[in-house]
Amino acid sequence: MTAKPLENVPSDDELDTLGNEELVKLGTALDGVELVYREPRWPVPGTRAEKRAERSIAIWFALGGLFALAFLGVFLWWPWQYQGMGQKNYGLYIAYNPLLGITFGLSVLSIGVGAVLYTKKFIPEEIAVQQRHDAGGSPKIDKKTTAALFTNALESSTLPRRKMILASAGFGVGVLGLGAAIGFLGGLIKNPWAGRAAAPLWHTGWSTRWDSLTNTYGAPKNETVFLRNDIGDPYKVQLVKPEDMDAGGMMTVFPWRVSDGFGETEDSRERLLNGLKAIRNPVMLIRLRPEDSARAIKRKGQEDFNYGDYWAYTKVCSHFGCPTSLYEQQTNRILCPCHQSQFNALEYGKPVFGPAARALAQLPISTNEQGYMIANGDFIEQVGPAFWEATH
Ligand code: FES
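Residues numbered from 1 in each chain as written. Predicted model: local features only at pLDDT ≥ 70, side-chain atom pairs only at ≥ 80, totals over all residues.

## A closer look at the domain arrangement of the chain
Under the convention used in this document: Where each domain starts and ends comes from a domain assignment, either automatic or drawn from a database. Contacts are defined on C-beta atoms placed from the backbone: any two residues whose C-beta positions lie within 7 Å are in contact. Under the scheme applied here, ten amino acids are nonpolar (Ala, Val, Leu, Ile, Met, Phe, Trp, Tyr, Cys and Pro), four are charged (Asp, Glu, Lys and Arg), and all others, including Gly, are polar.
Assigned domains of the chain: these are domain 1 (12-189) and domain 2 (196-375). Using C-alpha coordinates to define each centre, domain 1 is positioned 52 Å away from domain 2. Contacts between domain 1 and domain 2 engage 6 residues on the former and 10 residues on the latter. A class-by-class count of the residues in the side of domain 1 that touches domain 2 yields 2 nonpolar, 4 polar and no charged.

Below is the structure:
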């Protein structure tokens, strides 16, 4: 159905002489809109009920602003630095992300509730019917009548005279916007990899300076770090020897040092458990078939990281940190089940398919005099996902 063509459409010059109300009428007529019913929410202005409604909406907007302030406070001042399990501020550290989400979410929710309540309580109730019609009218008519309709909508919403709501909405939306902008920019400023030794993300349980009781990086201990197999009981230590694996096999290994003990004391049990649970510790030990190992390509600066046919790659995917637990012997590819990234075990864990853009970090390994497999130090590349990519 099309709108009836309007008789007496004013000329451009006549348009300039029309007032806002006349323009609104013209605009609705041009659009084929028929106003069936329109009633202001508060026919008698200034009643106590109206003021109460105004206050409740202002409170919602103000709450939005306060939650946005809380978000900003958490983002800027909360002790977000990594703390290992058992460390003093571990609880504060793991509360950081949930608090950011909760405060930001509550801020958006409060402002949303305020906006919805405002529509329900102050925008006039109206029923209008519009006939479907073809586009028509001169651009000038369209522009003027549309602008008049907007002005009319704003006036009939009574918003311009509701100072309390305007102030609280300005506060709420302003602080939320500021929080969102700082949150976005702040993520570009705080580099969790900066300052190598001081940056906790660089260190794992494979470092000789790692304290597995407190999960912290500290003074050098010069203790050998062995490769330990997880046999299902965290308090049973089974170290790995090269002959434990067949060619083409894969085993998940974890760090262990003599000072971690064998679970004879409470401290030792804690250390053994931490060694298995620390998120950057799991490593895939792969024994390549000799013919494959012979054609493997080594990463520059990591030429001695493998031990013969044995290659050790972090199990933490460089895309989003899922465990890259699948090793396909036929293709020598390591698969991450989360988003299907594939890494070439024959080329220092380089990504060959999927969203991951960085190679899996490789652990330097060898054996000690007794023939046990040991780590020759920590990883030298980032383990897991890194928003801040290495430049080397
Ligand atoms: S986390 Fe591994 S592919 Fe996404």
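After that view of the structure, there is still more to cover.
## Things to note about the UniProt feature "domain: Rieske" (unreviewed entry) in the chain
Applied cut-off: UniProt positions are given in the numbering used here, feature names are shortened, and annotations may be inferred rather than shown by experiment. Helix and strand labels come from DSSP, where a helix needs a run of H or I of at least four residues and a strand needs a run of E of at least two; each type is numbered from the N terminus.
When the UniProt feature table is mapped to this numbering, "domain: Rieske" (unreviewed entry) covers residues 280-374. Helix makes up 5% of residues 280-374 and strand makes up 32%, while its end C-alpha atoms are separated by 17 Å.

## Quick look at the sheet that holds strand β11 (residues 333-335)
One key point about sheets: their strands pair by backbone hydrogen bonds, in either a parallel or an antiparallel sense. Selection rule: Here, strands pair whenever DSSP counts at least two bridges between them. Fitting a line to C-alpha atoms yields each axis, with helices limited to the stretch in contact; the angle taken between N-to-C directions then spans 0 to 180 degrees.
As summarised here, the arrangement of the 4 strands in space is β10-β11-β12-β13, forming an open sheet in which the pairing is antiparallel. For this open sheet the edge positions go to β10 (326-328) and β13 (350-353), each flanked by a neighbour on one side alone. Put simply, the sheet's adjacent strands are angled 35° from each other on average, direction ignored. Bridge count for β11 against strand β12 (residues 342-344) is 3 bridges, and the pairing is antiparallel.

## Looking at helix α2 (residues 20-30)
This is how it is decided: With C-beta atoms placed from the backbone, a residue counts as buried when 20 or more other C-beta atoms lie within 10 Å of its own, as exposed when 12 or fewer do, and as partly exposed for counts between those limits. The arc in question is the one traced by the directions running from the helix axis out to the C-beta atoms.
Considered for burial, the residues of α2 that qualify are L23, V24, L26 and G27. Buried residues along α2 cover an arc of 165° about the axis, so they all sit on one side. Buried residues in α2 make contact with α5 (139-156).

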